[in-house]
Structures are given as structure tokens and as C-alpha cells.
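This is what each chain is made of:
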Amino acid sequence: MNLASYTGAPKVWYGVPGNSKDAEGMEKVFKSFMSTKMRDAPELLYHITTMFNPRLLQAADVPVYRIIQHPGEFVLTFPRAFHGGFSLGPNIGEAVNFATHE
Amino acid sequence: MFTYLLALKMDMNKQFQTKEQLLHRIQEGISFGDGDEYTISDYLKYSHEQVKHWYAENYARTNKVMNPQNIEKDYWDIIESSDQEYYVEYGNDVDTHVFGSGFPKSERGRCLGSEIDIDKFHLPEPLFGTEDYYKETYWNPNNIPCCDESILRHVKVGINGINVPWLYFGSIFATFCYHTEDNDFYSFNYHHYGMIQHTLHFIMIVFNSLHHNN
């Protein structure tokens, strides 16, 4: 694949399950990693401006899954499931929310 | 069969605002400043330049292959070492009601503000792969908030990014940082084929001529 001449380069995603144990585990890792910064900005988790290596989650026994999303594929995220990632080259995504009764 | 998915009928002339991400400082959680404004075509040019530049600087004179695994390693190297500064402009949260959705609109009232075509309304569900399929499937991001099981269908006004899709223009290393969805929502994230328009027209012409010859 020649990424240099291709629009529709894949995206790498890292995701943590949305159950309370794992979501809280992720929050704990985030808070300890960002402890100094969080004193000035306690809402930092909601700013969506932070990235760190998923290995930190693994080290704290928080399960983290990695996928590579290609063109024509969609990714669903569940309530409270932390996710983040980056692009490997030029691409266009389109995203929206939905909600179920539960 | 997938030709219709390539047909990104977006406004290529309007400009959107990008955010400038400082990758080498993204572990610090600092706010993103504004990047340049781009039209879709200019952003695609920018993002192609970025990837070519990365290749020229880091791969061209080596035996390394520029594959996803190596780019992922490069990404964490930039983030975790402070030896190099890397800036990237990310076109996030771009309104589909201004630039257009990459999906065709429902004619059976399945998305907010869609017109109902009385002639089509009572037809059976369109076959997979037809243009009508992509208009009407609830896997179309314009429709999914309004599917039977979604409580967002009761929200009758459009809220950008919630029940009206947003577009995301990415480039090498452009980052969507860790987050959960607001209000414990699910999210649906589609990755477009994203062909540039002239290529697209070519494909449409080939497709149309094949179609007519059959």
C-alpha cells in the first residue's frame, strides 16, 4: 500500500471496555498520569486533549484493545468506553451518536 | 457495487477551521490552538504533503517500510521523546449540514429533516449495494440516531455531533484523544473511501458506462 498517494489511510484505535471496573481503572490511570496538571484543571478528562501510551493501561491491568480501521468500515463505541487513536495518513471520517433504552 | 459510497457529495469550496495539535506535548493535555482554515480539497493536499514529507525524512533513505506498525512506532516516539517537535492540523467536528454528509439522504423520513418521497415510502427495503440501500439503511450515520431502538429519535431538533453527524479530516498522526461519549451515548464512526473528486468522476463514468452496456 502506498500511503503517500492514497486518501483513506487507516486509523489506529485504542479502546477500554465500558464496564465500571475498566472505565474506573482508565480514569485512575489518567488521574495518576496527569496528577500535577489535574490540580489546575480537574475537568481535564473532558477536554479531550490528552494522549498517552496504552502500555500505561496494560501496566495497571486495565484491558485495552487495539484495532485498525480501514475505509468502508465502521467502529461502534459503547457507553463509558474510553477510546482514542490517530490517523496513518489522509482520511475522512463521519461520526454520530445514538442511544438505547438501557 | 460500492461506487455510491465513493460519491462524497461535499462542498469542496467552503472553508473549515482546523485545530493545531502539538504531538510532542500531547501527553500534557494542553488545549489545542487554531490551525489554518482549509477547503476540503486544500486539506487533502495538505495531508498528502504531510505523509510524503514524513516518508522523505524518515523512510526514503532507509530499508524501513512505511507500514501501519512502523508509523504507529513513529507516533509514540514523537509523543514520548522530546527530541522532535511535530505539529499537525486536524479537521475535527466539521458540520455535515454545512459541508454535506458522505452518505446520501433518506427519502423515507429516516433522518432529521429528510423529505419523504411518497412513491418510495411503501417500497420494500432496498437491496444491499444499491444507492437506495445507502440512503435508507440505519447504518447510515444520518439515520442511526433515529432508528426504532434509539431514544435520540425523540429529539426533533438537530444537534451537531449528537444526532447530526460531524466530519473528521485526518492527516498522518492527527489524534482523537482519549474520551467517552457525552451522556453515556454510543458512537458510530464511519471511515469514508475519500477519493478526490476527479478520481471519483472517473469511477462514476466507468461505472455508468458499464451499467449502460449491460
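Residues numbered from 1 in each chain as written. Chains lettered and ligands numbered in written order. Predicted model: local features only at pLDDT ≥ 70, side-chain atom pairs only at ≥ 80, totals over all residues. Heavy atoms only, no water.

Caption draft 1: Quick peek at the sheet that holds strand β2 (residues 33-38) of chain B. One open sheet holds the 7 strands; their spatial order is β3(A)-β6(B)-β5(A)-β4(B)-β3(B)-β1(B)-β2(B), and the pairing between them is antiparallel. Of all strands in the sheet, those bounded by a partner on one side alone are β3 (74-77) of chain A together with β2 of chain B. For this sheet the average axis-to-axis angle between neighbouring strands, irrespective of direction, equals 25 degrees. Here β3(A) pairs with strand β6 (residues 186-191) of chain B via 4 bridges, running antiparallel. Paired with Val75(A) across the two strands is Asn189(B), which belongs to β6(B). On the sheet, helix α2 (residues 40-58) of chain B packs against β5 (91-98) of chain A together with β1 (16-22), β2, β3 (87-95) and β4 (166-170) of chain B and is oriented at approximately 150 degrees with respect to β3(B). (Pairing = 2+ DSSP bridges. Helix = DSSP H or I, 4+ residues; strand = E, 2+ residues; numbered from the N terminus. Axes fitted to C-alpha atoms, helices over the stretch in contact; angles between N-to-C directions. Contact = heavy atoms within 4.5 Å.)

Caption draft 2: Looking closely at the layout of surface pockets. What the largest pocket holds in volume is close to 740 Å³. Elements supplying a minimum of two residues to the lining of the largest pocket: β1 (11-15) and β5 of chain A together with β1, β3, β4, β5 (175-179) and β6 of chain B. The leading source of residues in the lining of the largest pocket is β5(A), at 5 residues. For the lining of the largest pocket, the per-class residue count stands at 12 nonpolar, 15 polar and 6 charged. If you add up the space inside the second largest pocket, you get close to 270 Å³. Only α3 (55-59) and β2 (65-69) of chain A together with α3 (68-80) of chain B provide two or more residues apiece to the lining of the second largest pocket. Residue composition of the lining of the second largest pocket, by class: 5 nonpolar, 2 polar and 6 charged. (1 Å grid on protein atoms, 1.4 Å probe; cavity = no way out; pocket = protein on both sides within 12 Å on 5 of 7 lines; lining within 4 Å. Points joined across faces, edges and corners; volume = space filled by probe spheres on them. Nonpolar A, V, L, I, M, F, W, Y, C, P; charged D, E, K, R; others polar.)

Caption draft 3: Expanded view of the side chain of His191(B). Summarising the element assignment, His191(B) is placed in strand β6. Among the polar contacts listed, one links the side chain of His191(B) to the backbone oxygen of Ala9(A), at a separation of 2.8 Å. If we ignore the near neighbours within four places in the chain, the residues touching His191(B) are Gly8(A), Ala9(A), Pro10(A), Lys11(A), Gln69(A), His70(A), Pro71(A), Gly72(A), Glu73(A), Asn91(A) and Ile92(A). (Polar contact = N/O pair within 3.5 Å; in protein donor to acceptor, adjacent residues only side chain to side chain.)

Caption draft 4: Spatial organisation of the nonpolar core. In terms of nonpolar packing, the biggest core is built from 57 residues, with Met51(A) and Phe173(B) touching the most fellow members. If you list the elements that add at least two residues to this core, you get β1, α1 (20-33) and β5 of chain A together with α2, α3, β3, β4 and β5 of chain B. Here this core gets 6 residues from one element, more than from any other, and that element is α2(B). Setting aside residues up to four positions removed in sequence, Phe173(B) forms contacts with Phe86(A), Ser87(A), Gln21(B), Leu23(B), Trp54(B), Ile71(B), Asp74(B), Tyr75(B), Ile78(B), Tyr86(B) and Val88(B). (Core = buried A, V, L, I, M, F, W, Y, C linked by side-chain atoms within 4.5 Å. Buried < 20%, exposed > 50% of the residue type's maximum accessible area, 1.4 Å probe, protein only.)

Caption draft 5: Up close: α3(B). Taking 1.5 Å of rise per residue, 13 residues should cover 18 Å, and α3(B) covers 18 Å from first to last C-alpha, within 8% of that figure. Buried residues of α3(B): Pro68(B), Ile71(B), Glu72(B), Asp74(B), Tyr75(B), Trp76(B), Ile78(B) and Ile79(B), and no others. Elements that come into contact with the buried residues of α3(B) comprise β1, β2 and β4 (83-87) of chain A together with α2 and β5 of chain B. (Expected span 1.5 Å × (residues − 1).)

Caption draft 6: Expanded view of the confidence of the model for chain A. Looking at chain A as a whole, the pLDDT averages 89, with 92% of positions reaching at least 70. Note on residues 1-5 of chain A: pLDDT under 50 across the span, and 12 contacts to partners over four residues away in sequence or across chains. (pLDDT = per-residue confidence, 0-100.)

Caption draft 7: Main features of the interface of chain A and chain B. Each partner contributes residues to the interface: chain A has 60 residues there, and chain B has 69 residues. Summing both partners gives a buried area of about 6300 Å² for chain A against chain B, and 60% of it is carried by carbon and sulfur. When the buried area of chain A at its contact with chain B is split by residue, Ile92(A), Glu94(A) and Asn97(A) rank highest and sum to 14% of it. At the surface where chain A touches chain B, the tally comes to 1 salt bridge. With a closest N to O distance of 2.8 Å, Arg66(A) and Glu72(B) form a salt bridge. Counting the contacts that link chain A with chain B gives 34 residue pairs in polar contact (both at pLDDT 80 or more). It is β5(A) that contributes the most residues to the side of chain A that touches chain B, 8 residues altogether. A per-class count over the side of chain A that touches chain B returns 34 nonpolar, 20 polar and 6 charged. (Buried area = accessible area lost by both parts, 1.4 Å probe. Salt bridge = Lys/Arg side-chain N within 4 Å of Asp/Glu carboxyl O.)

Caption draft 8: Fine view of the sheet that holds β2(A). Across the sheet, which stays open at both edges, the 4 strands sit in the order β2(A)-β1(A)-β4(A)-β5(B) with antiparallel pairing between neighbours. Unpaired on one side and paired on the other, β2 of chain A together with β5 of chain B mark the two borders of the sheet. Sheet twist, expressed as the mean angle between neighbouring strand axes with direction ignored, is 15 degrees.

Caption draft 9: Highlighting the packing of aromatic side chains. All chains considered together, the criterion is met by 29 aromatic pairs over all chains. Ring centres of Phe86(A) and Tyr75(B) lie 3.7 Å apart, and the angle between their planes is 10 degrees; on these two criteria the pair is classed as stacked. Highlighted residues: Phe86(A) in strand β4 and Tyr75(B) in helix α3, drawn from two different chains. With respect to burial, Phe86(A) and Tyr75(B) carry one shared label: buried. Aromatic side chains Phe16(B) and Phe99(B) sit 5.9 Å apart centroid to centroid with 80 degrees between the ring planes, which places their arrangement in the edge-to-face category. Taken together, the residues Phe16(B) in strand β1 and Phe99(B) in helix α4 (residues 96-99) connect sequence positions 83 residues apart. Taking relative accessible area as the criterion, Phe16(B) reaches 4% and is therefore assigned buried. With relative accessibility at 5%, the residue Phe99(B) sits in the buried group. (Phe/Tyr/Trp six-rings, centres within 6.5 Å; stacked < 30°, edge-to-face > 60°.)

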